[in-house]
Amino acid sequence: VKSVVAHSQKCHFDAQYTLKISQLSKEAGVLSAMALNAFVEAHASLDISLKLLDSRANLANKPEFLKARAEALYELSKVHRYQGQYDDANRCLTDSLALNNADDYLTADALHELGILEVKRHNLDSAASFLQRSLQIRNSLEDDTHIDHRTNTDSAASSTLHQLAAIHVARKP
């Protein structure tokens, strides 16, 4: 993956190939973080994904590029959170939300992550607010007829509910 992505940075591929290579680099970053706990490598792969998307200035404002950038920033935010870099994680999530105007699943995920960040910072009221907004979006998506989305939404909603319950317990004297 690294050699393909590195080579692609020297080539001038069209928009579709650039998106695919960016996605490949993003997925390599997710794999590095989630399966290998290799956060430095994950960060590098996600940075390359973002650079590829930015390298096509004439396409950077196209919806599919904005969505890809929002997704890469969301994944990068988790890498920052795992490393305890909460301000960087917050910046990535805020940027992701600003770029994303079409994917309610990504919006719900980003709000959930902002809630987790606020829990880490011991800002329980703010955390609960982000998590409740995430849950509202997830609940509005329950009627999605696509089984993969419905299953992921149910699982994500359970995770959000778990976090809200933990906040409730933490608030009790």
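Structure first, text after, so check above.
Counting starts from 1 at the beginning of each chain's written sequence and moves along it residue by residue. Per-residue local features are limited, in this predicted model, to residues with pLDDT of at least 70; the limit for side-chain atom pairs, both in listing and counting, is 80 or more; totals at the level of whole chains, interfaces and linings are taken over all residues. For the side-chain quantities, the full set of heavy atoms in the structure was used; hydrogens and water were omitted.

A few points about the overall build of the chain
Inference 1: When its secondary structure is counted, the chain shows 8 helices and 0 strands.
Inference 2: Each residue is assigned to one of three classes by its accessible area relative to the maximum for its type, calculated with a 1.4 Å probe on protein chains only: buried under 20%, partly exposed between the two thresholds, exposed over 50%. Per-residue burial for the chain yields a buried fraction of 42% across its 173 residues.
Inference 3: Pairs of residues are marked as contacts when any of their non-hydrogen atoms sit within 4.5 Å. Within the chain, counting contacts between residues at least 6 apart in sequence, those at least 24 apart form 58% of the total. For helices the rule is a DSSP run of H or I covering at least 4 residues; for strands it is a run of E covering at least 2, with both sets numbered from the N terminus onward.

Observations concerning the side chain of Glu 113
Inference 1: Along the chain, Glu 113 falls in helix H6 (residues 104-120).
Inference 2: What Glu 113 contacts, discounting residues up to four positions off in sequence, is Tyr 74, Lys 78, Arg 81 and Leu 93.

Section: the nonpolar core
Inference 1: To define a nonpolar core, start from buried Ala, Val, Leu, Ile, Met, Phe, Trp, Tyr and Cys residues and group those joined through side-chain atoms within 4.5 Å. Tyr 74, Leu 93, Leu 111, Leu 114, Leu 117 and Ile 137 are the most contacted members of the largest nonpolar core, which has 13 residues in total.
Inference 2: Of all the secondary-structure elements, those providing two or more residues to this core are helix H4 (63-82), helix H5 (86-99), H6 and helix H7 (124-140).
Inference 3: Broken down by element, the residue count for this core peaks at 6 residues, all from H6.
Inference 4: What Leu 114 contacts, discounting residues up to four positions off in sequence, is Asn 90, Leu 93, Leu 97 and Phe 130.

Structural notes on the environment of Ser 49
Inference 1: With respect to the helices, strands and loops of the structure, Ser 49 is situated in helix H3 (residues 39-54).
Inference 2: C-alpha of Ser 49 to C-alpha of Ala 28: the two residues are 21 residues apart in sequence and 9.6 Å apart in space.
Inference 3: Apart from the residues lying within four places of it in its own chain, the contact partners of Ser 49 are Ser 22, Ser 25, Lys 26 and Ala 72.

Looking at the pattern of salt bridges
Where side chains of opposite charge bring their charged atoms close, a pairing between them can arise.
Inference 1: Note on definitions: salt bridges are taken to be side-chain nitrogens of Lys or Arg within 4 Å of carboxyl oxygens of Asp or Glu. In the structure shown here, the tally under the stated rule is 11 salt bridges.
Inference 2: Measuring nitrogen to oxygen at the nearest pair gives 3.4 Å for the salt bridge that ties Arg 69 to Asp 54. Separated by 15 residues along the polypeptide, Arg 69 in helix H4 and Asp 54 in helix H3 bring together distant segments of the chain.
Inference 3: Judged by relative accessible area, Arg 69 falls into the partly exposed class, the value being 23%.
Inference 4: Judged by its relative accessible area of 41%, Asp 54 falls in the partly exposed class.
Inference 5: Put simply, Asp 109 and Arg 138 hold a salt bridge, and the shortest N to O gap is 2.9 Å. In this pair, Asp 109 sits in helix H6 while Arg 138 sits in helix H7, placing the two residues 29 residues apart along the sequence.
Inference 6: On the basis of relative accessibility, which here comes to 23%, the residue Asp 109 falls in the partly exposed class.
Inference 7: Exposure remark for Arg 138: the relative accessible area of 5% places this residue in the buried category.
Inference 8: Several salt bridges share partner residues, and in doing so they unite Lys 26, Lys 67, Glu 71 and Asp 103 into one network.

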